[in-house]
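Summary of structural features
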Amino acid sequence: MSENRKKWSKTELKNIWVDYIENKIWKLNFNEDELDNSWNLNSEAPCPYQNKCLQKQNDAGKMLRCQYQGNQNGDYKWSVDHIDGNPKNNNINNLWPMHPDCNKHKN
Ligand SMILES: [Zn+2]
């Protein structure tokens, strides 16, 4: 089914990533020391689907900042997930990066 998906600008994608690594990720159930020490959050981050992440066994659910919108090859791509499930709620507080497969699985 084709969905009426918003086309995100590079600036929006950057803002979504930065807000995730600066704010939202710290409120999730990740180990803070591990986030601090094991991840370069500016360029990579674990998927917010956490233990349910379909790629959790694969590099701890890594997403790469540079691989957005699901257009690119590889396991580290991400798309924009609406946290509350409402695709019309594009407030930054409702958005974060997530693997496309996890996004589909969640909804
Ligand atoms: Zn995931």
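Higher on the page you've got the structure.
Now for a look at the structure at hand. (Residues numbered from 1 in each chain as written. Predicted model: local features only at pLDDT ≥ 70, side-chain atom pairs only at ≥ 80, totals over all residues.)

**A look at the overall build of the chain**
What counts here: For the purposes of this entry, the term helix denotes a DSSP run of H or I that reaches at least four residues, the term strand denotes a run of E that reaches at least two, and both are numbered from the N terminus. For this measure, only C-alpha atoms enter the radius of gyration; the expected value for a globule follows 2.2 Å times N^0.38, where N is the number of residues. Each residue is classed by its C-beta neighbour count within 10 Å, where at least 20 other C-beta atoms makes it buried, 12 or fewer makes it exposed, and intermediate counts make it partly exposed; the C-beta atoms are placed from backbone geometry. Contact between two residues is assigned when their C-beta atoms, built from the backbone, lie within 7 Å.
Scanning the chain from N- to C-terminus turns up three helices and four strands. Along the chain, helices and strands appear, N-terminal first, in the series α-α-β-β-β-β-α. Computed over C-alpha atoms, the radius of gyration of the chain comes to 13 Å, within 12% of the 13 Å expected from 2.2 N^0.38 for 107 residues, which places it in the range of a compact globule. In terms of its C-alpha atoms, the chain occupies a principal-axis envelope of roughly 40 × 25 × 25 Å. By the burial criterion, 23% of the 107 residues in the chain qualify as buried. Partitioning the contacts of the chain with sequence separation of at least 6, the portion at a separation of at least 24 is 39%.

**A short note on the nonpolar core**
Quick note on the threshold: Under the definition applied here, buried Ala, Val, Leu, Ile, Met, Phe, Trp, Tyr and Cys residues are grouped into a nonpolar core through C-beta atoms within 7 Å.
In this structure, Ile16, Tyr20, Cys47 and Met98 are the most contacted members of the largest nonpolar core, which totals 17 residues. Counting residues per element, this core draws most heavily on helix α1 (residues 10-22), at four residues. Sequence-distant contacts of Cys47, that is, excluding residues within four places in its chain, are made with Cys53, Gln55, Gly61, Met63, Met98, His99 and Cys102.

**Points about the environment of Cys47**
Looking at the secondary structure, you find Cys47 in the loop between β1 (44-46) and β2 (62-64). We classify Cys47 as buried; it has 24 C-beta atoms within 10 Å. The spatial distance from the C-alpha of Cys47 to the C-alpha of Arg65 is 11 Å, given a sequence separation of 18 residues.

**Considering unusual backbone geometry**
Non-glycine residue Gln50 carries a positive phi angle of around 50 degrees. Looking at where Gln50 falls in the secondary structure, it is placed in the loop between β1 and β2. Despite not being glycine, Ala60 has its phi angle at roughly 55 degrees, a positive value. Here Ala60 is to be found in the loop between β1 and β2. Assessed through the 15 C-beta atoms surrounding it within 10 Å, Ala60 is described here as partly exposed.

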